[in-house]
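The chain contents come next:
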Amino acid sequence: MGRRRNRGRLVDGIVLLDKPLGISSNDALQRVKRIYNANKAGHTGALDPLATGMLPLCLGEATKFSQHLLDSDKRYLVTAKLGVRTTTSDSDGEVVSERPVNVSQADIEGALEAFRGDIMQVPSMYSALKHEGQPLYKYAREGITIDRPARPITVFELLLHKVDGDEVEMEVHCSKGTYIRTIVDDLGEALGCGAHVIKLRRTQVSGYPYERMVTIEQLEQLLQQAVDEELPPKELLDDLLLPMDTAVADLEEVNVDSVSGSYIMNGNPVQVSGAPLSGKVRITIGDDHQFVGIGEIDDDGNVAPKRLIVLHD
């Protein structure tokens, strides 16, 4: 039986996509994957179709570090509508209840205090969390409610930007696993009037800069320009890729020489002078600090490789 040929080209890096309104994160991923003709691609935490903004997409070997971004802090701008509660806690859902809004800005500020810091949150039934192998939203669509244990999250910052009638604009900086829709729904219940999300934009993932985001339209225009100018598309598209090690930039770097590097690339732990005493590290080789993956300090104090990239030209 012949070997299956890889489809697409070998391209490694991270596209900082500004996800548009109205499509799923997977749809956005597949469109960008086709534009780059990438052999492999993955996203780093889905945004709802209602949401826009920063969606880091990992191409090629960068997919090996997508979980690290999934676990990172996020920042959002959210607009909530008071007085209406929905099944999904956003405007895509069906209305559950409508109540009068008799709250002041001071009332909202006071209620927000309970959502700051280390808190427990019960995830929405309309989330991708799985129960017995199925995402919760599939049960919800069938009218089935599953008991969900509250999970610890951290809201580092929750700012009230503006109150305009029954609309409230806020900014949230939070830990992984935080559901902004649930914060809004819980806030509405705390205020006694109900609330749901009408606008949500993710402005930051980890330390990635907002200004480096690109749209699908921009990528498509560059692809068309390459076709018109009879250029290989990579000449115009690949400059937009962020290096794959930016996904693990918060890990301490351990730089080794070429001899130790060859041991590491063959899966062997090595002793490195000056390495941290514990935890995960970002491994680079040589004077040019070529990134080759992440490792972990083992019980003997050695740097043990955990997730290595395949090096290619």
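Above this text is the structure in question.
The rules behind each value
- Residues numbered from 1 in each chain as written.
- Predicted model: local features only at pLDDT ≥ 70, side-chain atom pairs only at ≥ 80, totals over all residues.
- Heavy atoms only, no water.
- Helix = DSSP H or I, 4+ residues; strand = E, 2+ residues; numbered from the N terminus.
- Buried < 20%, exposed > 50% of the residue type's maximum accessible area, 1.4 Å probe, protein only.
- Lys, Arg positive; Asp, Glu negative; His and termini not counted.
- Salt bridge = Lys/Arg side-chain N within 4 Å of Asp/Glu carboxyl O.
- Polar contact = N/O pair within 3.5 Å; in protein donor to acceptor, adjacent residues only side chain to side chain.
- Contact = heavy atoms within 4.5 Å.
- Pairing = 2+ DSSP bridges.
- Axes fitted to C-alpha atoms, helices over the stretch in contact; angles between N-to-C directions.

Caption draft 1: How the structure looks around the side chain of Arg-202. Locating Arg-202 in the fold gives a position in strand β12 (residues 195–205). Asp-48 provides the closest opposite charge to the buried, unpaired Arg-202, separated from it by 9.3 Å. Within the structure, the side chain of Arg-202 is placed 2.8 Å from the backbone oxygen of Met-54, a separation counted as a polar contact. Discounting chain neighbours no more than four positions away, the residues touching Arg-202 are Gly-45, Ala-46, Leu-47, Thr-52, Gly-53, Met-54, Leu-55, Pro-56, Lys-74, Arg-75 and Tyr-76.

Caption draft 2: Up close: the side chain of Asp-18. Along the chain, the position of Asp-18 falls in strand β1 (residues 13–19). With relative accessibility at 17%, the residue Asp-18 sits in the buried group. Polar contacts involving the side chain of Asp-18 include one to the main-chain amide nitrogen of Gly-53, which spans 3.4 Å. For Asp-18, the contacting residues outside a window of four places in its chain are Gly-53, Arg-201, Met-213, Val-214 and Thr-215.

Caption draft 3: Main features of the sheet that holds strand β13 (residues 252–256). One open sheet accounts for four strands, arranged β13-β14-β15-β16; its pairing is mixed. This sheet does not close on itself; its edge strands, each paired only once, are β13 and β16 (303–308). Across the sheet, the mean angle from the axis of one strand to that of its neighbour is 40 degrees, orientation sign disregarded. Across five bridges, β13 lies against strand β14 (residues 280–285) in parallel orientation. Considered in β14, the bridge of Val-256 is made with Ile-285.

Caption draft 4: Structural detail: the pairing of strand β10 (residues 151–164). Across five bridges, the pairing between strand β7 (residues 117–121) and β10 is antiparallel. Along β10, the bridge assignment pairs Met-120 with Pro-152. Taken together, the eight bridges between β10 and strand β11 (residues 167–174) define a ladder with antiparallel strand orientation. Bridge pairing links Val-163 to Val-168 in β11. Connecting the antiparallel pair β10 and β11 is a turn made up of two residues, with Gly-165 showing a positive phi of about 65 degrees.

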